[in-house]
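Coordinate inspection notes
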Amino acid sequence: MTKLNAFDLNLLLVFDAMLRERSVTKAASDLGLSQPAMSHALNRLRLGLSDRLFVRSPEGMMPTPRAEQLSEPIRRALMDLQRTLEPEDFVPATADRRFTVAVNNGAAIVLIDRISCDCRSLAPTVRLAIRPSGVLDVPAMLDRGELDAAIVGQPPPGARFSTRVLVEDQFVVVMRRGHPLAEGSFDARALAAVPHFVVSSNDHDFSFVDREFRARGLTRTVALEAPFLSAAPLLTQTDMVAIMERRVAEAFRRAHPVELAPLPFPSATPMSVMVWHCRFDDHPAHRWLRKRIVAAAANL
């Protein structure tokens, strides 16, 4: 059995960074170590715990069963220690810490630049790490403390999460300049007749669109589902149309030759919602971060 007084507790930070990054190089960067120093620390960790802990795979350095068994108690212990050591008050001008926030497409496009500028102005040594929410298990990462907050279209269920609505919007139709539908107003039948591009990385509920079509005895053809990064060439060079949140569509129009039009039926109300774990409700640093996010949304 490993005795605590003979174990270098700094190696727990190495373990946590490897769990988070699944890469020796990225974990070293996260901890401010050189790659040789990180490799040496990982070897010491393996020796101390009598297990390989992380093995190479095509997806990166994957944890062994022993590492997975240790992950939750070690992460929880580090989080408890971090909260214990943090000052009772959070002083932005001198704070030296990192916040990790997951965001959906809409927040990435219309909010992150405002949040980043605000944070840099008020807290120059605070670091933001932004993650795409569409590829993450947001509830699990909030539970594990790997995310400080997330901005999503549909918050996860559960009393353990706190939420705040940041933005309410409307959906609009996006199409290339000169598109046949851009010549004037159009009805639901005309909209159903053109091919639709659906942003696969969007986390909003678009089921209302097909309900509206069905209520009129219509169906639409979804010609393609693809991530938002594919939208520009597809929407500017084809007759496909897309349905997007208005603020996202307006930002898209500023960068690309597209036109916007209202839906020919009532729009649902897409929301951007901030979610965080309720155990951080009263945490000074987290409260400060949430205020910055709310302020950025309020200035849209």
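Residues numbered from 1 in each chain as written. Predicted model: local features only at pLDDT ≥ 70, side-chain atom pairs only at ≥ 80, totals over all residues. Heavy atoms only, no water.

Remarks on helix H11 (residues 246-255)
Our working definition: Burial classes follow relative accessibility: with a 1.4 Å probe on protein chains only, a residue under 20% of its type's maximum area counts as buried, one over 50% as exposed, and anything between as partly exposed. Helix and strand labels come from DSSP, where a helix needs a run of H or I of at least four residues and a strand needs a run of E of at least two; each type is numbered from the N terminus. An arc is given here, and it is the one of the directions from the helix axis to the C-beta atoms.
For H11, the set of buried residues is Val248, Ala249, Ala251 and Phe252. In an axial view of H11, the angular spread of the buried residues amounts to 160°, which keeps them on one side of the axis.

Concerning the pattern of salt bridges
Defined as follows: A carboxyl oxygen of Asp or Glu within 4 Å of a side-chain nitrogen of Lys or Arg is what we treat as a salt bridge.
This model, assessed by the stated rule, comprises 18 salt bridges. Across the pair aspartate 16 and arginine 75 runs a salt bridge whose closest N-O atoms are separated by 3.3 Å. On the criterion of sequence distance, the pair formed by aspartate 16 in helix H1 (residues 10-21) and arginine 75 in helix H4 (residues 65-85) is long-range, its members being 59 residues apart. Comparing aspartate 16 with arginine 75 shows no difference in burial state: the two are buried. The salt bridge partner of glutamate 212 is arginine 216, with a shortest N-O separation of 2.7 Å. Looking at arginine 216, the relative accessible area reads 36%, which means it is partly exposed. When salt bridges that share partners are traced, they join Asp16, Arg20, Glu21, Asp30, Arg75, Arg98, Arg144 and Glu146 into one network.

With respect to the nonpolar core
Put simply, the rule is: Definition used in this section: a nonpolar core is a set of buried Ala, Val, Leu, Ile, Met, Phe, Trp, Tyr and Cys residues joined via side-chain atoms within 4.5 Å. Every residue pair with non-hydrogen atoms within 4.5 Å of one another is taken to be in contact.
Leu111, Ile115, Ile151 and Leu166 are the most contacted members of the largest nonpolar core, which totals 26 residues. Every element with two or more residues in this core is listed here: strand E3 (98-103), helix H5 (105-110), helix H6 (112-122), strand E5 (149-152), strand E6 (161-168), strand E12 (271-277) and helix H12 (284-298). With seven residues, H12 is the single largest residue contributor to this core. Look past the residues within four positions of leucine 166 in its chain and what remains in contact with it is Leu111, Ile151, Ser272, Val273, Met274, Ile293, Val294 and Ala297. In terms of nonpolar packing, the next biggest core, distinct from the first, is built from 23 residues, Leu12, Val14, Val24 and Phe54 among them.

Considering the side chain of serine 23
Relative to the helices and strands, serine 23 is located in the loop between H1 and helix H2 (24-31). Given a relative accessible area of 17%, serine 23 falls into the buried group. Contact partners of serine 23, with chain neighbours within four places excluded, come to Met18 and Met61.

A word on the pairing of E5
Regular strands show a simple pattern: their side chains alternate between the two faces of the sheet. What counts is decided by this rule: Strand pairing requires that DSSP identify at least two bridges connecting the strands.
Residues Ala149 and Ile151 point to one face of E5 and Ala150 and Val152 to the other, with burial holding for every one of them. The pairing of E5 with E12 spans three bridges and is classified as antiparallel. The residue bridging isoleucine 151 from the neighbouring strand is methionine 274, located in E12.

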